[in-house]
Amino acid sequence: EDLRISKELGFDNYRLLLNAGLAESNHDWTDQAALTFEQATQLNPGYFLSWYDRGVVAEKQNHYTQAVVLFQRAVKLAPDYAEAHQHLGYLYSQSMRMDEAIQEWESVINLAPLYAGAYRNLGYAAMEQRPAYAAKMFLDYLALTPNAPDPSNIETWLASHHRQ
């Protein structure tokens, strides 16, 4: 409520707008969050989290082309921000741009070597074209997450492909 009042009073602090946008997004008010994050990027276009947060909302709204552009902008401003690379990898994989997805997930691993999901995602993305590489990524994923929620699918694939 305080954030809404502050916005109505015209405070133009981009950090306040980012916080308001996050609150709106957390309540699934994605249309309002998108507008709020857009205002934040207008106030401070050099702040990568504004672009990243806009990308998250665009992805929630299934505006994937727009989300890619927003995450690319975030990565350009903050190339070491693994989460933006993770989202780009996901979006590229959804549009069957596997080489680009693999490149993004490799960036995630280089930036955050304990980010287990990136190993799993890399494995799935590389299964058809690079099965040996996929096997290594799956094995690394399983080593990082011994209580993984989806090991049976991966273990079945490994048993049929990796040990041939």
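Anything mentioned here points back to the structure above.
Everything quoted here is computed from the prediction, not taken from an experiment.

Remarks on the pattern of salt bridges
For the structure shown, the criterion picks out two salt bridges. Close ionic contact of Glu 100 with Arg 97 constitutes a salt bridge, the shortest N to O distance being 2.7 Å. Using a relative accessible area of 31% as the deciding quantity, one classes Arg 97 as partly exposed. Lys 136 is paired through a salt bridge with Asp 140; the nearest N and O atoms lie 2.8 Å apart. Highlighted residues: Lys 136 and Asp 140, both in helix α9 (residues 131-144), separated by four residues, approximately one helical turn. In this structure Lys 136 comes out as partly exposed when scored by relative accessible area, which is 46%. Residue Asp 140 is classed as partly exposed on the basis of its relative accessible area of 23%.

Examining unusual backbone geometry
Although it is not a glycine, Asn 62 sits at a positive phi angle of roughly 65 degrees. By the element assignment, Asn 62 lies in the loop between α4 (48-60) and α5 (64-77).

Looking at the side chain of Glu 59
Checked against the element boundaries, Glu 59 lands in helix α4. Buried charged residue Glu 59 carries no salt bridge. Nearest counter-charge: Lys 60, at 9.8 Å. If near-sequence neighbours (up to four positions away) are discounted, Glu 59 is found in contact with Tyr 64, Ala 67, Phe 71, His 87, Tyr 90 and Leu 91.

Brief notes about helix α3 (residues 30-43)
A rise of 1.5 Å per residue sets the reference length of α3, with its 14 residues, at 20 Å; its end C-alpha atoms lie 20 Å apart and thus fit the reference within 8%. Within the sequence span of α3, burial applies to Thr 30, Ala 33, Thr 36, Phe 37, Ala 40 and Thr 41. Take α3 and look down its axis: the buried residues cluster within an arc of 140 degrees, on one side only. Among the exposed residues of α3, those oriented more than 90 degrees off its buried face are Asp 31 and Gln 42.

What counts as what
- Residues numbered from 1 in each chain as written.
- Predicted model: local features only at pLDDT ≥ 70, side-chain atom pairs only at ≥ 80, totals over all residues.
- Heavy atoms only, no water.
- Salt bridge = Lys/Arg side-chain N within 4 Å of Asp/Glu carboxyl O.
- Buried < 20%, exposed > 50% of the residue type's maximum accessible area, 1.4 Å probe, protein only.
- Helix = DSSP H or I, 4+ residues; strand = E, 2+ residues; numbered from the N terminus.
- Lys, Arg positive; Asp, Glu negative; His and termini not counted.
- Contact = heavy atoms within 4.5 Å.
- Expected span 1.5 Å × (residues − 1).
- Arc of directions from axis to C-beta.

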